[in-house]
Amino acid sequence: MLANFNFMVIFEYLPLFLSGLKSTFLISLVTLVLALITGIIACSMRISGIKTLQYPAIAYIEIMRSTPLLIQIYFLYFGLPSLGIVVPEIQTGIIALMLNSGAYIAEILRAGIKSVDQGQIEAGLSSGLNYVQRMRFIILPQALGVTVPPLLGQAIVMVKDTALLSLISVAELTRSGQTMTSERFMPAEAFLTVAFFYMCIYFCLKYLADWSQRKLIFREVY
Amino acid sequence: MIEFKGVNKWFDKLHVLNQIELKVQKGEVLVVCGPSGSGKSTLIRCINKLEPIQQGEIVVNGMSVHDSATNLTKLRTEIGFVFQQFYLYPHMTALQNITLAPVNVKKIAKAEAEKIGREKLDRVGLAEKADAYPAQLSGGQQQRVAIARGLAMSPEIMLFDEPTSALDPEMIGEVLDVMVSLASEGITMCVVTHEMGFAKKVADRVLFMDEGKIIETGKPADFFDHPQTERAADFISKILSH
Ligand SMILES: Nc1ncnc2c1ncn2[C@@H]1O[C@H](COP(=O)(O)OP(=O)(O)O)[C@@H](O)[C@H]1O
Ligand SMILES: [Mg+2]
């Protein structure tokens, strides 16, 4: 079957794929940074113990996690203009991905913080450490180790989710495959190539995740 | 030094502290005992405001513990707390565990804090374990580090919540020995424990709690040998047969 593949066409379309890869990479990077910020804010609100901050954060997180990403993307894509807010597709896409990933990241961060024994926090309280000091010296150093691997896992999911942006005509990697398919009708070659590039990104991130697992996870046994 | 005035506390409907009146003098060693769930932990956790109360007042060194105007940090630096489960910070060495609060709360210079920290480790017989992580220490050693961590703040009061209950029997002695020597140094101590030997040796007073109430207080010898109430007698016979 592979013999029937027309690899020459792939080379012909390589510049298109590379520019798609580049925008997928950039969209992912920007989204990841924004999603991290969103996640940190949502997590802080959720664990603040202040109801007026907690409830909106819970509502946000649960809505994002309970509805399909594609629906969220369409909602913003069609919904924002009807509210009179017109932004380019790529920004709509980034906002949707940011909101979606941010919710998952908020929960990952919360799990990391909750993994620190409440007793240690009380030990910190008893010796007069304030909130910031408890976070900085007791909670975060331990939470970080357990948080980084799942964060990278979420990053991997998010990169693959950027493929959905092709449906609102963002010129990213998947869109390159669609373009080649519609021009030459060679979907197998096109999407095989697209898949290959996603795999490249995946293995880079996985390598990072494994490395961080070895380096950062705090070990009970030394 | 520590005074409870008409303190009441509820967990939802559970009346966990019922009209507590108690005075602990400076330098006094108070042992608190009673059946599981009687409110002993809650009682001492209120002293440094790990727990809120709903009624009454607790005064420590002239500071009203639950008054929002009280400087809670200052209050807590004057009180050391030792937990049943030690709660050392597992990502820090013994010495780092001990110097964390002196450096960051009392703003003592790091070198000075380490000097004090090593003194306290020596004090609990663990001078050579300064650079060990909690996971490398036995339960008894961890609890001694936790005591050293409390002492490093030079508190006037030390609170202990069943400090030997999580330990294997062979390690109980080493922790009690440290506590006995502390008691002879004039630190005010409130100790939740069922270790009768410890109570008889160093306690000035034993307090018996049940269902959130102080049922009986007395000198250790009187209390253990001639309890006034049936509930106390019952309890003592149980820990004896144990
Ligand atoms: N945070 C809490 N929320 C609800 N109930 C609690 C809490 N802490 C303790 N209790 C309850 O209060 C009672 C007294 O608890 P505690 O002070 O720990 O008793 P003791 O130390 O004497 O065993 C128990 O019935 C316990 O279940
Ligand atoms: Mg208890």
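Residues numbered from 1 in each chain as written. Chains lettered and ligands numbered in written order. Predicted model: local features only at pLDDT ≥ 70, side-chain atom pairs only at ≥ 80, totals over all residues. Heavy atoms only, no water.

Caption draft 1: Region of the structure containing the sheet that holds strand β7 (residues 157-161) of chain B. All names here are of chain B. Spatial ordering of the open sheet is given by β6-β7-β8-β3-β9-β10, a layout of 6 strands whose pairing is mixed. With partners counted over all chains shown, the strands left at the sheet margins are β6 (79-82) and β10 (213-218), one partner each. Within this sheet the neighbouring strands show an average axis-to-axis angle of 15 degrees, counted without direction. Pairing of strand β9 (residues 205-210) with β10, which is carried by 5 bridges, proceeds in the antiparallel orientation. When the sheet's bridge partners are listed, Phe208 is paired in β10 with Glu216. Along the sheet, helix α1 (residues 40-47) contacts β3 (29-33), β6, β7, β8 (188-192) and β9; its crossing angle with β7, the most-contacted strand, is approximately 155 degrees. (Pairing = 2+ DSSP bridges. Helix = DSSP H or I, 4+ residues; strand = E, 2+ residues; numbered from the N terminus. Axes fitted to C-alpha atoms, helices over the stretch in contact; angles between N-to-C directions. Contact = heavy atoms within 4.5 Å.)

Caption draft 2: Summary view of helix α2 (residues 51-66) of chain A. All names here are of chain A. For α2, spanning 16 residues, the distance from its first C-alpha to its last is 22 Å, which sits close to the expected 22 Å at 1.5 Å a residue. By the burial criterion, the buried members of α2 are Ala57, Tyr60, Ile61 and Met64. When α2 is viewed along its axis, its buried side chains cluster within an angular range of 95 degrees and face the same direction. Those residues of α2 that are exposed and angled more than 90 degrees off the buried face are Lys51, Thr52, Tyr55 and Ser66. (Expected span 1.5 Å × (residues − 1). Buried < 20%, exposed > 50% of the residue type's maximum accessible area, 1.4 Å probe, protein only. Arc of directions from axis to C-beta.)

Caption draft 3: Geometry of the interface of chain B and chain A. Listed as interface residues are 25 residues of chain B and, on the opposing side, 19 residues of chain A. Where chain B abuts chain A, roughly 1800 Å² becomes buried across the two surfaces, and 63% of that area is made up of carbon and sulfur atoms. In this structure, the salt-bridge partner of Arg45 of chain B is Glu122 of chain A, at a minimum N-O distance of 2.7 Å. For the interface between chain B and chain A, the tally reads 6 residue pairs in polar contact (both at pLDDT 80 or more). (Buried area = accessible area lost by both parts, 1.4 Å probe. Salt bridge = Lys/Arg side-chain N within 4 Å of Asp/Glu carboxyl O. Polar contact = N/O pair within 3.5 Å; in protein donor to acceptor, adjacent residues only side chain to side chain.)

Caption draft 4: Local environment of the nonpolar core. With 59 residues, the main nonpolar core has Phe4, Ile47 and Val60 of chain B as its most contacted residues. Once residues within four sequence positions are removed from consideration, Ile47 of chain B is found in contact with Ile2, Phe4, Val60, Val65, Leu75, Ile79, Leu159 and Cys190 of chain B. (Core = buried A, V, L, I, M, F, W, Y, C linked by side-chain atoms within 4.5 Å.)

Caption draft 5: Quick peek at the environment of Met179 of chain B. All names here are of chain B. Inspection of the secondary structure assignment puts Met179 in helix α6 (residues 169-183). Separated by 82 residues in sequence, Met179 and Asn97 place their C-alpha atoms 19 Å apart. Discounting chain neighbours no more than four positions away, the residues touching Met179 are Ile147, Phe160, Pro163, Met189, Val191 and Phe198.

Caption draft 6: Layout of the site of ligand 1. All names here are of chain B. Neighbouring residues of ligand 1: Phe11, Leu14, Val16, Pro35, Ser36, Gly37, Ser38, Gly39, Lys40, Ser41 and Thr42. Between Gly39 and ligand 1, the recorded distance is 3.0 Å, taken from a backbone N or O atom to an oxygen atom. A distance of 2.6 Å separates an oxygen atom of ligand 1 from a polar atom in the side chain of Ser41. Coverage of ligand 1 by the protein chains reaches 58% of its 560 Å² of free accessible surface. Within the residue set of the shell around ligand 1, elements represented by two or more residues are β2 (14-24) and α1. Among the elements that make up the shell around ligand 1, the one with the highest residue count is α1 (3 residues). (Near = heavy atom within 4 Å. Areas by Shrake-Rupley, 256 points an atom, 1.4 Å probe, with all protein chains shown as cover.)

Caption draft 7: Representation of the sheet that holds β2 of chain B in the model. All names here are of chain B. Strand order in the open sheet made by the 4 strands is β2-β1-β4-β5, with antiparallel pairing throughout. Two strands in the sheet have a free side with no partner beyond their single neighbour: β2 and β5 (63-64). Relative to strand β4 (residues 55-60), strand β1 (residues 2-11) runs antiparallel, the two sharing 5 bridges. Paired with Ile2 across the strands is Val60, a residue of β4.

Caption draft 8: Just the pairing of β8 of chain B, in detail. Residue and element names in this part refer to chain B. Most of β8 sits inside the fold, with 5 of its 5 residues counted as buried. Burial along β8 is two-sided: the face carrying Thr188, Cys190 and Val192 and the face carrying Met189 and Val191 are both buried. Bridge count between β3 and β8: 4 bridges; the pairing is parallel. Among the inter-strand pairings, Val32 is bridged to a residue of β8, identified as Val192. Direction of pairing for β7 relative to β8: parallel, over a ladder of 5 bridges. Its bridge partner lying in β8, Met158 is registered against Met189. Remark: the β7/α6/β8 crossover connection has right-handed handedness. (Right-handed = clockwise from strand over helix to strand, strands pointing away.)

Caption draft 9: Representation of the packing of helix α1 (residues 7-46) of chain A against α2 of chain A within the structure. Residue and element names in this part refer to chain A. For the pair α1 and α2, interaxial distance at closest approach is 7 Å and the crossing angle is 130 degrees. In terms of their interaxial angle, α1 and α2 are classed as oblique. Handedness of the crossing formed by α1 with α2: left-handed. Residues Thr38, Ala42, Met45 and Arg46 of α1 touch α2, and the partners they reach there are Leu53, Gln54, Pro56, Ala57, Ile58, Tyr60, Ile61 and Glu62. Its residues assigned to classes, the contact of α1 with α2 shows 8 nonpolar, 2 polar and 2 charged. (Parallel < 35°, antiparallel > 145°, perpendicular 65-115°, else oblique. Left-handed = near helix turned anticlockwise from the far one by under 90°. Nonpolar A, V, L, I, M, F, W, Y, C, P; charged D, E, K, R; others polar.)

Caption draft 10: Examining the packing of aromatic side chains more closely. Residue and element names in this part refer to chain B. This model, assessed by the stated rule, comprises 10 aromatic pairs over all chains. Between Phe208 and Phe223, the ring centres sit 6.0 Å apart and the planes meet at 35 degrees, which makes this aromatic pair tilted. Placement of Phe208 in strand β9 and of Phe223 in helix α8 (residues 220-225) is noted, with a sequence separation of 15 residues between them. Assigned by exposure class, Phe208 and Phe223 land together as buried. Site record: aromatic cluster; members linked through ring pairs are Phe208, Phe223, Phe224 and Phe235. If you follow Arg149 out to its NZ or CZ, it ends over the ring of Tyr89, 4.7 Å from the centre. (Phe/Tyr/Trp six-rings, centres within 6.5 Å; stacked < 30°, edge-to-face > 60°. Lys NZ or Arg CZ within 6 Å of the ring centre and 35° of its normal.)

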